[in-house]
Amino acid sequence: MVAVPDILLERLEKEGVGMALLSVVLPAYNEEMMVERAGERLGQLLKDEKIKFELIFVDDGSKDRTWSKIEEMAKRYKFIRGIHFSRNFGKEAAIFAGLAEAGGECSVVMDCDLQHPPETVIEMYRRWEEGYEVVEGIKHSRGRESLGHKASAGLFYKIMTKATGIDMSRASDFKLLDKRAVAALLDMPERNAFFRALSSWIGFKTTTVKFDVQPREAGESKWSTWSLVKYAVTNIAAFSSVPLQMVTVAGVFMFIFAVIMAVESLVRYFGGHALEGFTTVILLLLIIGSLVMMSLGIIGYYISKIYEEVKGRPRYIISRTAGIKNRTLQTED
Ligand code: UDP
Ligand code: MG
């Protein structure tokens, strides 16, 4: 810890920032249209509510002007900090990087496209003051989404809910975490962390707050159908071994089927009516072959995930920071 001079402390107190009590973590990927709006809206709101705060923007390797906007803001406002990744590492990585940098007694994670309403942050904060350690944002309404997106998201969350035992259908990445919960999360050694489920998994005194997903004001959603599928597969594998058990179940069913077929064939054989069944043989071969291949694929996927974890590469690489001094990171500015 670096001692903060009294004069600086006094000034920080006056500006309503002080030793940040509430850290807001905002992952941003190609959000040049939104970061300023988010920073100013949140800044104004939190100042009006007399909450001490800091905003941590995590630029997830944006290709547009997001980072220069964040840097500009960090120069203009004391309460803004920025982290810039060396490339796109994904929203989960950005969330963890932001939490690692958060100095607050509690931290809120929210989208910087303002689809998570800033007013709800205040509501979450009040619940934290009442003594709750995790406040989950629950989607009251999902906002405008295409039919395909709705259907695939629906299916994904059904599977996730089954696999994790945690109701995921209305869950979001919009949450408040007490610093103890943040520490527990950061303590997770896994690289393939699924924030939405892990924050329930860690336990703690939890409550929920409902919010309506707002329409995106500018920019566009980063999710294509393909990336949703990838996200689903990665996170199901990260959080559950149900697919592996399904391999066993499929094996058991095939075995039962095989026994029945064997008995039937033997009966026919000894009864003097040997089967001619070329078609049956081909079909069985194909079915069994494809089942074996799929099972191998599932097992292979888990092995590749184990391989990734064993390599122990960092979750993200930070190439630049802004407004972060005397904290955990050394910066060039
Ligand atoms: N995001 C990110 N890295 C990515 C994709 C998205 O940090 O690789 C951020 C994005 O900037 C936004 C939040 O995650 O703040 C949610 O993304 P988006 O709005 O595209 O998702 P949606 O709201 O459509 O689910
Ligand atoms: Mg969004």
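Reading the values: rules and limits
- Residues numbered from 1 in each chain as written.
- Chains lettered and ligands numbered in written order.
- Predicted model: local features only at pLDDT ≥ 70, side-chain atom pairs only at ≥ 80, totals over all residues.
- Helix = DSSP H or I, 4+ residues; strand = E, 2+ residues; numbered from the N terminus.
- Buried ≥ 20, exposed ≤ 12 C-beta atoms within 10 Å, placed from the backbone.
- Contact = placed C-beta atoms within 7 Å.
- Core = buried A, V, L, I, M, F, W, Y, C linked by C-beta atoms within 7 Å.
- Pairing = 2+ DSSP bridges.
- Axes fitted to C-alpha atoms, helices over the stretch in contact; angles between N-to-C directions.
- UniProt positions renumbered as here; feature names shortened; annotations may be inferred.

Along its length, the protein carries 11 helices and eight strands. Relative to its 333 residues, the protein shows a buried fraction of 31%. A separation of at least 24 residues holds for 83% of the contacts in the protein among residues at least 6 apart in sequence.

Counting residues in each nonpolar core, the largest one holds 62 residues, and the members touching the most others are Val24, Val25, Leu26 and Phe57. Among the elements that line this core, the one with the most residues is helix 4 (residues 91-101), at six residues. Those residues within four positions of Val24 in sequence are excluded, and the remaining contacts are Leu42, Phe53, Leu55, Ile56, Val108, Met110 and Val121.

This part covers the sheet that holds strand 8 (residues 318-322). Read across the sheet, eight strands follow the order 7-5-6-4-1-2-3-8 without closing on themselves; strand pairing throughout is mixed. Lying at the two open borders of the sheet, with one neighbouring strand each, are strand 7 (206-212) and strand 8. Averaged over all pairs of adjacent strands, the angle between strand axes in this sheet comes to 20 degrees, irrespective of strand direction. Two strands pair when backbone bridges link them, and strand 5 (residues 134-141) and strand 6 (residues 171-178) are joined in this way by four bridges, in the antiparallel orientation. Residue pairing for strand 6: Val134 is matched across the bridge by Leu177. In this fold helix 3 (residues 66-76) packs onto strand 1 (22-28), strand 2 (53-59), strand 3 (80-85) and strand 8, with an angle of close to 155 degrees to the strand it touches most, strand 3.

Relative to the helices and strands, Leu42 resides in helix 2 (residues 35-48). On the basis of neighbour count, Leu42 is assigned to the buried category, with 22 C-beta atoms found within 10 Å. Those residues in contact with Leu42 that lie beyond four places of it in its chain are Val24, Leu55 and Pro118.

This chain's UniProt record puts "transmembrane region" (unreviewed entry) on residues 236-261 and 281-303. Structurally, residues 236-261 is divided into 92% helix and 0% strand, and its ends, taken at the C-alpha atoms, are 35 Å apart. Counted over residues 281-303, helix gives 100% and strand 0%. Its end C-alpha atoms are 32 Å apart.

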